[in-house]
Amino acid sequence: MIDIQAEQEAKAKCLLVGAPSKDKNSEEKPLELMGLVDTLGMETLETITLARIEPNPVYGIGKGKAEEIADRAKELFADCIIFDFEIDPTKQRNWEKLTGINVFDRNEVILRIFAQRAKTREACFLVGLAQLEYSLPRRSHMYGDLARQRGGSYGAKGSGETQLELDRRQVEEKILRIKKELEVVKTNRDTQRKQRERNAVAACALVGYTNAGKSSLLNALTGADVFVENKLFATLDPTTRKLSLSEASTVLLTDTVGFISNLPHTLIDSFRSTLEEASLADLLLIVVDSSDENCITQYEQVRKVLEEIGAEKIQSLVVLNKIDCIEKDQLRLAELESHFPSAIKVSAKTESGFDTLLSQMTEILLGQEASYIIPMKDMALVETVRKNGTLEKEEWLEDGIHITARIPGTIDENGNATTRTLALLTPFRIN
């Protein structure tokens, strides 16, 4: 007797097809796709790495290789074939006719993961929009050759719309409705952002490859309770928490959605509003998973995405997270130090390196701590410091007002300050 529950809970079995390796002498497994498939709850039966991709209009590869992959999928009793590169709707339709099973690419895998992870109203809207825009050109294979439905009165017009045309129109209308809903969400987000700007609170964003430990780092630094799981895209929604850098100052620390190579443009466009948290930050903490062998490539991909959203010029700190996993591997540490010479080594698990991280964040966001003696006739400067800097200590004595403060900005080699407040205070600095 068939166990219906066990059959329903069984993982979908996949045959993965990887893109040609840059090194022609090796066949690298599509490890990232394997991780995505595992996150989606599917089982990888086998991986095939292509030697080349041909400009073939039917399958994108030669017919012989396509039939070989189709036969192998049947031998393995695979439920689907997943490509580690984008396939257009026509090729996807041809592959499904050839194999008789579902065929899709890494973009659809990522979209499905996002759909599983979306919890908040905004995230559900964003993922829904991305899915609809991605599926719109792929809807024809869902219906096959459906006859036209008759419509209208005789002589008034010709044949009615096909089911496909009706479906496309419904999808397009749904896309418009979601976009209107997102405009309301965006307005609320902009209002919250303007409120933060009025309060003159510095903003810092955690960015990095998916599963680099950004949420764990946010929890460890701020005591937040953001969901954490050792899987790709564990969190989608940007979460902001206050972080105290000193008794007199706090900053806003935001955890953003993780990046990944070849992130579908539909997702980049849809999640642009959440990625704006990174593009509008005063400081970026680029979190790198030091225990991952591909972390250098992942860092380069993060830099590429930051360029796409216009955040590449924002001051940043590279944070090598999970350093506790490799602290005994001297060769690995030396390699990372050569590639990231100014990076800060931390562990969200053991909280090692936090003092150094917080110290550098404080200096960049709030300015270097310095002492000043302000003459009584210039007492208005104290109020300027309160508005534009961080006043750590204040004493009114006979020779003037003694303050210890942090003022954003730096002084160049010629003694010129980069901010007006720092320029006004520099003549009264005593250390």
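Note: the structure precedes this text.
Keep in mind it's a predicted model, so treat the numbers as computed, not measured.

Participant: Just checking my understanding: could you explain the overall build of the protein for this structure?
Facilitator: Summing up its helical and strand segments, the protein has 15 helices and 13 strands in all. Evaluated residue by residue, the protein yields a buried proportion of 45% over its 431 residues. Contacts in the protein between residues at least 24 apart in sequence constitute 66% of all its contacts with a sequence separation of at least 6. Accessible surface for the protein amounts to roughly 23400 Å². Of this, 48% is attributable to carbon and sulfur atoms.

Participant: Explain the side chain of Ser 347 to me, please; I cannot follow it from the model alone.
Facilitator: You can see Ser 347 is positioned in the loop between β10 (344-345) and α13 (354-366). Reaching out from Ser 347, the side chain makes a polar contact with the side chain of Asp 324 at a distance of 2.8 Å. Apart from residues no more than four positions distant in its own chain, Ser 347 is found in contact with Asn 321, Lys 322, Ile 323, Asp 324, Ser 352 and Phe 354.

Participant: Help me out: how do you make sense of the pattern of salt bridges in this one?
Facilitator: In a structure, side chains of opposite charge can pair up when their charged atoms sit close to one another. Here the structure, examined in full by the defined rule, presents 17 salt bridges. One salt bridge connects Glu 133 with Lys 179, and the closest N-O pair in it is separated by 3.7 Å. Separated by 46 residues along the polypeptide, Glu 133 in helix α6 (residues 121-135) and Lys 179 in helix α7 (residues 163-198) bring together distant segments of the chain. Take Glu 133: its relative accessible area is 27%, and that puts it in the partly exposed class. Its salt-bridge partner being Glu 335, residue Arg 332 comes within 3.4 Å of it at the nearest N-O pair. With a gap of 3 residues between them, Arg 332 and Glu 335 both fall in helix α12 (residues 330-339), about one helical turn apart.

Participant: How do you make sense of the packing of aromatic side chains when you look at a structure like this?
Facilitator: The description of an aromatic ring pair uses the distance of the two centres, along with the angle that the planes make with each other. If you walk through the whole model with that rule in mind, you get 4 aromatic pairs. With centroids separated by 5.4 Å and ring planes inclined at 65°, the aromatic side chains of Tyr 59 and Trp 95 adopt a geometry described as edge-to-face. Linking Tyr 59 in the loop between β2 (43-49) and α3 (63-76) with Trp 95 in helix α4 (residues 89-99), this pair joins segments that are 36 residues apart in sequence. Tyr 59 gets classed as buried once you look at its relative accessible area, which sits at 15%. Among the aromatic residues, those joined into a ring-pair cluster are Tyr 59, Phe 83, Phe 85 and Trp 95. Here the guanidinium or amino end of Arg 112 rests over the ring plane of Phe 104, the centre of that ring lying 4.3 Å away.

Participant: How should I be thinking about the nonpolar core in this particular structure?
Facilitator: If you look at soluble globular proteins, the nonpolar side chains tend to sit buried side by side. With 45 residues, the main nonpolar core has Met 42, Ile 82, Leu 284, Leu 306 and Phe 340 as its most contacted residues. Per-element accounting of this core gives the leading share, 6 residues, to helix α11 (residues 295-308). Grouped together as the second largest cluster of nonpolar side chains are 24 residues, Ala 202, Leu 283, Val 346 and Met 361 included.

Participant: Just checking my understanding: could you explain the sheet that holds strand β13 (residues 400-406) for this structure?
Facilitator: Strand pairs in the sheet, formed through backbone hydrogen bonds, run parallel or antiparallel to each other. Read from one edge of the open sheet, 3 strands run β11-β13-β12, paired in antiparallel fashion. The open sheet is flanked by β11 (369-374) and β12 (390-397), the only strands paired with a single partner. Adjacent strand axes in the sheet meet at a mean angle of 15°, parallel and antiparallel pairs treated alike. Both β11 and β13 contribute to a ladder of 6 bridges, which runs antiparallel. Paired with Glu 369 across the bridge in β13 is Arg 406. Sheet strands in contact with helix α14 (residues 380-388) are β11, β12 and β13, and its direction is about 160° off that of β12.

Participant: What am I meant to see in the pairing of strand β7 (residues 249-255) here?
Facilitator: The side chains of a regular strand alternate, first on one face of the sheet and then on the other. Burial of β7 is extensive: 6 of the 7 residues sit out of reach of the surface. Here strand β5 (residues 203-208) pairs with β7 via 4 bridges, running parallel. For Cys 204, the partnering residue across the bridge sits in β7 and is Leu 253. The pairing of strand β6 (residues 239-246) with β7 spans 7 bridges and is classified as antiparallel. Considered in β7, the bridge of Arg 241 is made with Leu 253.

Participant: Where do I start with helix α8 (residues 214-222) in this structure?
Facilitator: The periodicity of an α-helix, 3.6 residues per turn, causes residues three or four positions apart to be oriented the same way. Every buried residue belonging to α8 is among Lys 214, Ser 215, Leu 217, Leu 218, Asn 219 and Leu 221, and all of these are buried. Elements in contact with the buried residues of α8: β5, β6, β7, β8 (283-289), β9 (316-321) and α13.

Participant: Sorry if this is basic, but what is going on with empty space enclosed by the protein here?
Facilitator: By rolling a water-sized probe across the atoms, one finds the places where empty space is left. Taken as a whole, this structure holds 2 cavities of 30 Å³ or more when the rule is applied. Estimates place the volume of the largest cavity at around 40 Å³. Around the largest cavity, the lining residues are Tyr 209, Ala 212, Ile 286, Val 287, Val 288, Asp 289, Cys 295, Gln 298, Tyr 299 and Val 302. Counting only elements with at least two residues in the lining of the largest cavity, the list comes to β8 and α11. Its residues placed into classes, the lining of the largest cavity shows 8 nonpolar, 1 polar and 1 charged.

Rules behind the numbers
- Residues numbered from 1 in each chain as written.
- Predicted model: local features only at pLDDT ≥ 70, side-chain atom pairs only at ≥ 80, totals over all residues.
- Heavy atoms only, no water.
- Helix = DSSP H or I, 4+ residues; strand = E, 2+ residues; numbered from the N terminus.
- Buried < 20%, exposed > 50% of the residue type's maximum accessible area, 1.4 Å probe, protein only.
- Contact = heavy atoms within 4.5 Å.
- Areas by Shrake-Rupley, 256 points an atom, 1.4 Å probe, with all protein chains shown as cover.
- Polar contact = N/O pair within 3.5 Å; in protein donor to acceptor, adjacent residues only side chain to side chain.
- Salt bridge = Lys/Arg side-chain N within 4 Å of Asp/Glu carboxyl O.
- Phe/Tyr/Trp six-rings, centres within 6.5 Å; stacked < 30°, edge-to-face > 60°.
- Lys NZ or Arg CZ within 6 Å of the ring centre and 35° of its normal.
- Core = buried A, V, L, I, M, F, W, Y, C linked by side-chain atoms within 4.5 Å.
- Pairing = 2+ DSSP bridges.
- Axes fitted to C-alpha atoms, helices over the stretch in contact; angles between N-to-C directions.
- 1 Å grid on protein atoms, 1.4 Å probe; cavity = no way out; pocket = protein on both sides within 12 Å on 5 of 7 lines; lining within 4 Å.
- Points joined across faces, edges and corners; volume = space filled by probe spheres on them.
- Nonpolar A, V, L, I, M, F, W, Y, C, P; charged D, E, K, R; others polar.

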